[in-house]
Amino acid sequence: MKKLFMLCCASLLAACSNHTAPTEASLDGEVFYLQRSALPPTATLSVELQDVSLMDAPAVVLARQAGPVKGNVPLPFHLAYDPAQVKPGHRYALSARIELDGKLLFINTEQHGVRLDGNDPQPVRIKVDPVR
């Protein structure tokens, strides 16, 4: 009986030690604006997850989704990223923009920080403002 118990414990320990960290994490959300206007069917939405830790350097992009706008606001997005790229002490933010034929129509004007620790509320909501 003792040997059976020890065998079960060893199996459990082996199973626990083989557990690896997830290779992919994700953020789901939606982009919206307050203007009462529809977007042209050829408008495109791009959303990026960025490491914004370094003040004097461009942000490092961890994930990006870009493509044609489908439907009306709110516009859904899904960003899959590698959690191994998330570094302790770094700051992360989302950026969103809507363009038409390469011309910027809407962009987020406030930084939208995320923690990436599994406690970010989902769906994440990003407000974009018109570019004049």
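Since the model is a prediction, treat every value here as computed from it, not as a measurement.

This brings us to the packing of aromatic side chains. Going through the model one piece at a time under the given rule, you end up with one aromatic pair. Note on tyrosine 33 and phenylalanine 106: the rings are 4.3 Å apart at their centroids and 15° apart in plane angle, and the pair reads as stacked. You can see tyrosine 33 sitting in the loop between β1 (25–32) and β2 (44–51) and its partner phenylalanine 106 sitting in strand β6 (residues 103–107), a full 73 residues away along the chain. Grouping residues by exposure puts tyrosine 33 and phenylalanine 106 together as buried.

Another point: the pattern of salt bridges. Following the criterion strictly, the structure yields five salt bridges and no others. Among the salt bridges present, the one from arginine 125 reaches glutamate 30, with a minimum N-O distance of 2.4 Å. A residue pair is termed long-range when its members are at least 10 positions apart, and arginine 125 in strand β8 (residues 124–127) and glutamate 30 in strand β1 qualify at 95 residues. In this structure arginine 125 comes out as partly exposed when scored by relative accessible area, which is 41%. For glutamate 48, the salt bridge is made with arginine 64, and the minimal N-O distance between the two is 3.0 Å. One end of the pair, glutamate 48, is in strand β2; the other, arginine 64, is in strand β3 (residues 60–68), with 16 residues separating them in the sequence.

Take the nonpolar core next. Judged by nonpolar contacts, the single largest core of 26 residues is most densely connected at Val31, Leu39, Leu49, Leu94 and Ile98. Taken together, the elements giving at least two residues each to this core come down to β1, β2, β3, β4 (75–81), β5 (92–100), β6 and β8.

About the cut-offs
- Residues numbered from 1 in each chain as written.
- Predicted model: local features only at pLDDT ≥ 70, side-chain atom pairs only at ≥ 80, totals over all residues.
- Heavy atoms only, no water.
- Phe/Tyr/Trp six-rings, centres within 6.5 Å; stacked < 30°, edge-to-face > 60°.
- Helix = DSSP H or I, 4+ residues; strand = E, 2+ residues; numbered from the N terminus.
- Buried < 20%, exposed > 50% of the residue type's maximum accessible area, 1.4 Å probe, protein only.
- Salt bridge = Lys/Arg side-chain N within 4 Å of Asp/Glu carboxyl O.
- Core = buried A, V, L, I, M, F, W, Y, C linked by side-chain atoms within 4.5 Å.

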